[in-house]
Amino acid sequence: MSSQITQSPWQTAALVVARLIFAGVFLMAVTFKFMGMDATAGYIAAAGFPFPLFLAWCAATLEVALVLCFLTGAFFSQAALVAAAYVLFLGFAFHGPSHWAGNQAEFGFFVDHFSFLAGLLFAAVHGPGKVLSLNSGWPGRA
């Protein structure tokens, strides 16, 4: 049994704005990486990860893919779940408890990741909406 859920104009607008915000955050992140890939690699190396330049390029590639998914709505739920895992990893790896003693502002950065994580999980559950969306999603799901 298929049910059609009607969205009000404000709900539709909210979904589009949310997708633009998600895309914008990752677009800013990847832009900074492309403007200074060596600086990004240095930041990754300072956190203790091996192969920092390779990981910087991997992060940039992932972020470009996320931007495309959020803008088009293609594979939106999957992208939101991947982004949620990525944001959780970034929170712990670069702003986690080991960083708090040196700079209490790091705790605030850490907590901010959870707000973004919550939004991404909510988006993964509810999808991209029907406006300006390719709606490619889980196999076998309409």
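All figures in this text were calculated on a predicted structure; none of them were measured in a lab. (Residues numbered from 1 in each chain as written. Predicted model: local features only at pLDDT ≥ 70, side-chain atom pairs only at ≥ 80, totals over all residues. Heavy atoms only, no water.)

## Remarks on unusual backbone geometry
With a phi angle near 50°, F51 is a residue other than glycine that sits in the positive phi range. With respect to the element layout, F51 can be found in the loop between α2 (37-46) and α3 (52-72). Using a relative accessible area of 63% as the deciding quantity, one classes F51 as exposed. Of note, F75 is a non-glycine position whose phi angle comes to about 50°, a positive value. (Helix = DSSP H or I, 4+ residues; strand = E, 2+ residues; numbered from the N terminus. Buried < 20%, exposed > 50% of the residue type's maximum accessible area, 1.4 Å probe, protein only.)

## Section: the nonpolar core
Counting 20 residues, the largest nonpolar core has F22, F26, L66, F70, A83, F116 and L120 as its most contacted members. Of all the elements in the fold, those that place two or more residues in this core are α1 (9-35), α3, α4 (76-95) and α6 (105-126). In terms of residue count, α4 provides more of this core than any other element does, 7 residues in total. Excluding residues that lie within four positions of it along the chain, F70 makes contacts with R19, F22, A23, F26, F76, A79, A80, A83 and L120. V30, M37, I44 and A93 belong to the second-largest nonpolar core, a separate cluster that totals 8 residues. (Core = buried A, V, L, I, M, F, W, Y, C linked by side-chain atoms within 4.5 Å. Contact = heavy atoms within 4.5 Å.)

## Comments concerning the environment of E106
Its place among the elements puts E106 in helix α6. Spatially, the C-alpha atom of E106 lies 9.5 Å from that of G91, the residues being 15 residues apart in sequence. When sequence neighbours within four positions are dropped, the list of residues in contact with E106 reads F94, H95, H99 and W100.

## Overview of the environment of L15
With respect to the secondary-structure elements, L15 resides in helix α1. The exposure class of L15 is partly exposed, given its relative accessible area of 22%. Considering only alpha carbons, one finds L15 and K130, 115 residues apart in sequence, at a separation of 9.2 Å. The residues touching L15, leaving out its near neighbours within four places in the chain, are Q7, G127, P128 and G129.

## What to know about the pattern of salt bridges
For the structure on display, the rule yields 1 salt bridge. Among the ionic pairs, E63 bridges to K33, the shortest N-O distance being 3.0 Å. Of this pair, E63 sits in helix α3 while K33 sits in helix α1, and the two are 30 residues apart along the sequence. (Salt bridge = Lys/Arg side-chain N within 4 Å of Asp/Glu carboxyl O.)

## What about the confidence of the model for the protein chain?
Averaged over all residues, the pLDDT of the protein chain equals 88, while 91% of them reach at least 70. No element of the protein chain has a lower mean pLDDT than helix α5 (residues 97-100), at 83, and none a higher one than α3, at 97. (pLDDT = per-residue confidence, 0-100.)

## What about the packing of aromatic side chains?
Describing an aromatic ring pair means giving the distance of the ring centres and the angle of the ring planes. The final tally for this structure, using the stated rule, is 15 aromatic pairs. Ring centres 5.8 Å apart and planes at 50° place the aromatic pair F34 and W57 in the tilted group. Here the residue F34 occupies a position in helix α1, and W57 occupies one in helix α3, the gap between them amounting to 23 residues. The exposure class assigned to W57 is partly exposed, which follows from its relative accessible area of 44%. Relative to F114, the ring of F110 has its centre 5.2 Å away and its plane inclined at 70°; by these criteria the two rings are edge-to-face. A residue pair is termed a helical-turn pair when its members lie 3 or 4 positions apart in one helix, as F110 and F114 do in helix α6 at 4 residues. For F110, a relative accessible area of 8% gives the class buried. Residue class for F114 comes out partly exposed when judged on its relative accessible area of 33%. (Phe/Tyr/Trp six-rings, centres within 6.5 Å; stacked < 30°, edge-to-face > 60°.)

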